[in-house]
Amino acid sequence: MMHYTRWLRFGSTIVLACLALGASAQSQVDLESVAGIPAFKTMRSIKDMRYRDIVRQEYDFSCGSAALSTLLKYGYGINIPEAEMIKRMMVYSTPAVVIKSGFSMLDMKKFVETLGFQGRGFRVNVHALYDLRIPVIALMDINGYQHFVLIKGARDGRIFLADPALGNRVVEEADFARQWDGLILAVVGKPFLEDSPLLQGNYSLALRQRAGALATSARPTPEVDFGLIKSNLF
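Analysis parameters
- Residues numbered from 1 in each chain as written.
- Predicted model: local features only at pLDDT ≥ 70, side-chain atom pairs only at ≥ 80, totals over all residues.
- Heavy atoms only, no water.
- Buried < 20%, exposed > 50% of the residue type's maximum accessible area, 1.4 Å probe, protein only.
- Core = buried A, V, L, I, M, F, W, Y, C linked by side-chain atoms within 4.5 Å.
- Helix = DSSP H or I, 4+ residues; strand = E, 2+ residues; numbered from the N terminus.
- Contact = heavy atoms within 4.5 Å.
- Polar contact = N/O pair within 3.5 Å; in protein donor to acceptor, adjacent residues only side chain to side chain.
- Phe/Tyr/Trp six-rings, centres within 6.5 Å; stacked < 30°, edge-to-face > 60°.
- Lys NZ or Arg CZ within 6 Å of the ring centre and 35° of its normal.
- Pairing = 2+ DSSP bridges.
- Axes fitted to C-alpha atoms, helices over the stretch in contact; angles between N-to-C directions.

As recorded in an unreviewed UniProt entry, the protein goes by Peptidase C39 and comes from Pandoraea thiooxydans.

What follows is the structure, encoded as structure tokens:
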């Protein structure tokens, strides 16, 4: 009981340390000062993990520039901060239009061409998203709000998004299809980073856990005696 209590207290300490991080991206927690263990542990906040490998939008009209910044930074290694991106893309629009409606796919297309890329727009159905080899930009209608996101891929009835406002998220295919107009913008012309984080970890944790639970429940329950599984002895 004492051993269990000690680890419960240690776990609670770690949780409190994580909550204490607040809005900081990551921090080191001195475990010796909080739990008597001579070590340091690097902690990431839940907020930081949600927006990992995403350029967050700072304004309600800048989802397009943030989505494009995310694609260029984590897909092609070109780091253009959102503020600079807005300034440079403003050449193709006007402040009044951008503040009211944001940037358009045509604005993005014109901008990437100045970097030596090609911006290609396509109209596809949701099933085509399962064949994507690189992330693409799409426009969603979320309760009347026009919002650009980056589609990282699709798998098992789920669409994986890098959302400049909401972070990394997974949307059911049917829900995504209802909010999407079928248009995508692909930025091509240079090699996409093979180790891009945008291509990694695109799976549904809930589906993976469900599959594991089903696989486990389908196995015969072994007879256990003295810590030994009898079915493995004969």
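Still more ground to cover, so stick around.
S.K.: Help me understand unusual backbone geometry, please; the structure alone is not making it clear to me.
M.R.: For residues besides glycine, phi is generally negative; the peptide bonds are generally trans as well. Of note, the phi angle at Asp 53 is positive, near 60°, even though the residue is not glycine. Taking relative accessible area as the criterion, Asp 53 reaches 23% and is therefore assigned partly exposed. You will see that Asn 143, though not glycine, has its phi angle at about 55°, which is positive. A residue is classified by how much of its surface remains accessible, and Asn 143, at 79% relative accessible area, is exposed.

S.K.: I tried to follow the nonpolar core on my own but got confused; where do I start?
M.R.: One broad trend across soluble globular proteins is that nonpolar side chains are buried collectively. One finds Leu 68, Leu 71, Leu 72, Phe 111, Ile 137 and Phe 148 to be the most contacted residues of the largest nonpolar core, which totals 31 residues. Here this core gets 7 residues from one element, more than from any other, and that element is helix α4 (residues 63–76). Beyond its immediate chain neighbours, meaning those up to four positions away, Leu 71 contacts Tyr 76, Pro 135, Ile 137, Leu 150, Val 187, Phe 192 and Leu 198. Leu 129, Met 140, Phe 176 and Ala 186 belong to the second-largest nonpolar core, a separate cluster that totals 15 residues.

S.K.: What is the right way to look at the side chain of Thr 70 in this model?
M.R.: Take Thr 70: it is sitting in helix α4. A distance of 2.9 Å separates the side chain of Thr 70 from the backbone nitrogen of Val 55, its partner in a polar contact. When neighbours within four sequence positions are excluded, Thr 70 is seen to be in contact with Asp 53, Ile 54, Val 55, Gly 75, Leu 150 and Leu 198.

S.K.: I tried to follow the packing of aromatic side chains on my own but got confused; where do I start?
M.R.: Given two aromatic rings, their pairing is described by the distance between the two centres and the angle made by the two planes. Under the definition given, this model contains 4 aromatic pairs. Here the aromatic rings of Tyr 76 and Phe 192 are separated by 5.1 Å at their centres, their planes lie at 80°, and the arrangement is edge-to-face. One end of the pair, Tyr 76, is in helix α4; the other, Phe 192, is in the loop between β8 (180–188) and α9 (205–217), and 116 residues separate them in sequence. Members of the aromatic cluster, connected to one another through ring pairs, are Tyr 76, Phe 117 and Phe 192. Its guanidinium or amino end placed over the ring of Tyr 51, Arg 56 lies 4.0 Å from that ring's centre, counting from NZ or CZ. Over the ring of Phe 117 we find Lys 190, and its NZ or CZ is 4.8 Å from the ring centre.

S.K.: What's the story with the sheet that holds strand β6 (residues 158–163) in this structure? I'm lost.
M.R.: Across the sheet, 6 strands lie side by side as β3-β8-β4-β5-β6-β7; this open sheet has antiparallel pairing. Among the strands making up the open sheet, the edge pair consists of β3 (118–123) and β7 (167–172). Sheet twist, expressed as the average angle between the axes of neighbouring strands with direction ignored, equals 35°. Where β6 meets β7, 6 bridges bridge the pair, whose relative direction is antiparallel. Its bridge partner being in β7, Ala 162 is matched across the sheet by Asn 168. Contacts from α4 reach β4 (136–142), β5 (145–155) and β8, with the element oriented near 30° to β5. Along the sheet, helix α7 (residues 105–113) makes contact with β3, β4, β5 and β8, crossing β8 at roughly 5°.

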